[in-house]
Amino acid sequence: MKIAVLPGDGIGPEIVTEAVNVLNALGESFEMETAPVGGAGYEAKGHPLPEDTLKLAKEADAILFGAVGDWKYDALARELRPEQAILGLRKHLSLFANLRPAICYPELTEASSLKPEIVAGLNILIVRELNGDIYFGSPKGIRTATDGLFPGTREGFDTMRYSEPEVERIAHVAFQAAQKRDKRVCSVDKANVLETSQLWKEVMTRIGKEYPDVELSHMYVDNAAMQLVKAPKAFDVVVTGNLFGDILSDEAAMLTGSIGMLPSASLDKNNKGLYEPSHGSAPDIAGKGVANPLATILSAAMMLRYSLGKADQADRIEQAVQKVLAQGYRTGDIKTEGCKLVGTREMGEAVLKAL
Ligand code: IPM
Ligand code: MG
């Protein structure tokens, strides 16, 4: 099995190193090949998603991705910015289903900014559509307005759009995920305002009928943002579009104590996938050895489960992570009174030892 390793920028290389060490410790024979991506791709090859990197990603059975982005690339043309690497990979590889679990480990209830009783035992799954919506809809651009309130002035514009088949396929992912969990799907939209959402809601309702064992509810995105902090445990699976999913998954992440704990999977229709922590490149702490590698290590576990058919190895990693938390090891983002404060390396070592 071949794994493409794309560390990227900022803390990406540090956290990916720890996940690679964990994969190497499993006693499997993975072939791993590393390639530059994001700002690192731009520095090495003049493009955030160099041709060779894309080729490697296409050939591999799975992709382990760190993070991309750094303020120092903010002045580059949009198509050369690091973020285009992850957007390009999602698009070129048709990775349309983004699974972002938000689990609050019992040891970390104190690290959440919410009251412990609100988050203790939290286990929700955000299923975010990843190939469509206002992220990719055309036309988009900056132009001189010919109509509207201020004709003759510059205006920015993007297009929110979803086709029925796009909604259908993500609906199936969400309902099937729910069948393996608490059998509840909440579809989040803004159907009171947006036509795109109106169609989304209709399709969700229609596909939902194929899954009579799963309870479907609908919620407007503003209300969902509120309910997520009010009573997050009321959710099981949340399915939503690309933009709303981007925002709500960061919010859900914080319920768990730290976004540094959350893995993610981005899958195509055959369960080939890209695995990355839900957090970003954190350039402010890059190279300092303080970043939390657990989200990336847990992403490697998701990779074993969803793309490599090694659920037993995934369980081993997840249990090892739980063990180090129980042992009191904490990086700065999840530190609590009386914990063993460690850096990226030591946290990775602790997981290896627990394994
Ligand atoms: C994410 C990130 C990306 C997104 C950025 C880096 C393009 O925020 O994976 O959630 O907006 O999808
Ligand atoms: Mg995001």
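This section reports on the structure supplied with the text. (Residues numbered from 1 in each chain as written. Chains lettered and ligands numbered in written order. Predicted model: local features only at pLDDT ≥ 70, side-chain atom pairs only at ≥ 80, totals over all residues. Heavy atoms only, no water.)

### A look at the pairing of strand β10 (residues 237-240)
Link 1 in the chain: Every second residue of β10 is oriented toward a common face, with Val-237 and Val-239 on one face and Val-238 and Thr-240 on the other, all of them buried.
Link 2 in the chain: The pairing of strand β5 (residues 123-129) with β10 spans four bridges and is classified as parallel. Within β10, the position partnered with Arg-128 by the bridge is Thr-240.
Link 3 in the chain: In the sheet, strand β8 (residues 184-189) pairs with β10 via four bridges, with the strands oriented parallel. Paired with Val-185 across the two strands is Val-237, which belongs to β10. (Buried < 20%, exposed > 50% of the residue type's maximum accessible area, 1.4 Å probe, protein only. Helix = DSSP H or I, 4+ residues; strand = E, 2+ residues; numbered from the N terminus. Pairing = 2+ DSSP bridges.)

### What about the pattern of salt bridges?
Link 1 in the chain: Under the criterion given, the structure shown has 19 salt bridges.
Link 2 in the chain: Salt bridges sharing partners connect three or more residues here, namely Lys-2, Glu-31, Glu-33, Lys-55 and Glu-59. (Salt bridge = Lys/Arg side-chain N within 4 Å of Asp/Glu carboxyl O.)

### Description of the packing of aromatic side chains
Link 1 in the chain: A complete count under the given rule lists three aromatic pairs for this structure.
Link 2 in the chain: Both rings, one in Tyr-162 and one in Trp-200, keep their centres 5.2 Å apart while their planes meet at 50°; by these two values the pair is tilted. Taken together, the positions of Tyr-162 in the loop between β7 (154-157) and α6 (164-179) and Trp-200 in helix α7 (residues 195-208) put the pair 38 residues apart, joining distant regions of the chain. For the pair Tyr-162 and Trp-200, one class covers both residues: buried.
Link 3 in the chain: Sitting above the plane of the Phe-136 ring, Lys-91 keeps its charged end 4.6 Å from the centroid.
Link 4 in the chain: It is Lys-340 that lies over the ring of Tyr-329; its NZ or CZ is 4.9 Å from the centre. (Phe/Tyr/Trp six-rings, centres within 6.5 Å; stacked < 30°, edge-to-face > 60°. Lys NZ or Arg CZ within 6 Å of the ring centre and 35° of its normal.)

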